[in-house]
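One letter stands for each residue in the lines below.
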Amino acid sequence: HHLRTRRTLALLVVLIVGVVGGASATAAIMRAAAPVREVLVQSTNPQGGDGRTLYLQRVSIPGNTPLAAHTHAGTQIAAITTGTLRYTVIKGKPVKVLKPNALGTKPEFVRTIQPGQTYDVKAGYSVIEPAGTAHKVQVVGATEVVIYVASLFTNGEPVSIPYVTAS
């Protein structure tokens with residue numbers, strides 16, 4: 001009887017450790033899959049931009065990570081430096097995609113992403129996001145995407161606003 005009780009107790013301990021360990025591993029994976037936004041520099045009320053804040057940020061998004069649909073309160077420009085970002089415009093104005101030209105001067109126009117369209121934006125390409133355009137992104141593949149983002153928002157506005165679609 002004691003042997004069966006000990007085996008049952010040992011099995012219960014193993015199950016608890018497995019469940020707790022699995023939950024911890026799952027939580028660690030979920031934490032690891034979160035994007036990291038780092039404000040490199042910001043200026044409130046810059047010359048020519050009274051009532052606005054100008055930001056330069058670096059955003060790192062782990063491989064195979066989707067970001068929920070969102071908008072921005074002001075114009076945002078972003079340069080993808082590593083990885084590929086699947087970019088979907090849901091609603092609003094089209095998003096322009098550009099790439100550097102061979103002379104290193106003004107970037108070349110690649111295409112616009114119209115509402116309802118999706119396009120894979122590769123490393124080296126940039127986007128111009130108009131204020132209020134609802135969009136979502138997904139990292140394509142296992143390679144982390146790193147983006148440098150410049151934003152000009154009204155003072156006090158959040159850097160990202162969740163976009164909820166009507167059901």
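For clarity, every value in this text was computed on a predicted model and none was experimentally measured. (Residues numbered from 1 in each chain as written. Predicted model: local features only at pLDDT ≥ 70, side-chain atom pairs only at ≥ 80, totals over all residues. Heavy atoms only, no water.)

Participant: Mind showing me how you'd approach the side chain of Ser151 here?
Facilitator: Looking at the element boundaries, Ser151 is found in strand S11 (residues 145-154). Using a relative accessible area of 1% as the deciding quantity, one classes Ser151 as buried. A distance of 2.7 Å separates polar atoms of two side chains, one belonging to Ser151 and the other to Gln76. Each residue touching Ser151, except ones within four places of it in the same chain, is listed here: Thr53, Leu54, Tyr55, Gln57, Thr75 and Gln76. (Helix = DSSP H or I, 4+ residues; strand = E, 2+ residues; numbered from the N terminus. Buried < 20%, exposed > 50% of the residue type's maximum accessible area, 1.4 Å probe, protein only. Polar contact = N/O pair within 3.5 Å; in protein donor to acceptor, adjacent residues only side chain to side chain. Contact = heavy atoms within 4.5 Å.)

Participant: Just to check I follow, could you spell out the sheet that holds strand S12 (residues 161-162) for this structure?
Facilitator: Paired through their backbone hydrogen bonds, the strands of a sheet run either parallel or antiparallel. Here 5 strands make up an open sheet; going across it, the order is S8-S5-S10-S3-S12 and the pairing antiparallel. Lying at the two open borders of the sheet, with one neighbouring strand each, are strand S8 (118-122) and S12. Here strand S3 (residues 66-71) pairs with strand S10 (residues 134-139) via 3 bridges, running antiparallel. Within the sheet, the bridge partner assigned to Leu67 lies in S10 and is Val137. (Pairing = 2+ DSSP bridges.)

Participant: Just to check I follow, could you spell out unusual backbone geometry for this structure?
Facilitator: Excluding glycine, most residues fall at negative phi; most peptide bonds, likewise, are trans. For Asn45, which is not a glycine, the phi torsion comes out positive at approximately 55°. For Asn45, the position within the fold is in the loop between strand S1 (36-44) and strand S2 (52-61).

Participant: I'm lost on the sheet that holds strand S9 (residues 126-129) in this one. Help?
Facilitator: The strand order S1-S2-S11-S4-S9-S6-S7 describes an open sheet built from 7 strands, whose pairing is antiparallel. A single partner strand is all that each edge strand has here, and the edge strands are S1 and strand S7 (108-113). Pairwise comparison of adjacent strand axes, ignoring direction, gives a mean angle of 20° for this sheet. Bridge analysis of S2 against S11 gives 10 bridges, and the strand direction is antiparallel. When the bridges of S11 are listed, Val59 appears paired with Ile147. (Axes fitted to C-alpha atoms, helices over the stretch in contact; angles between N-to-C directions.)

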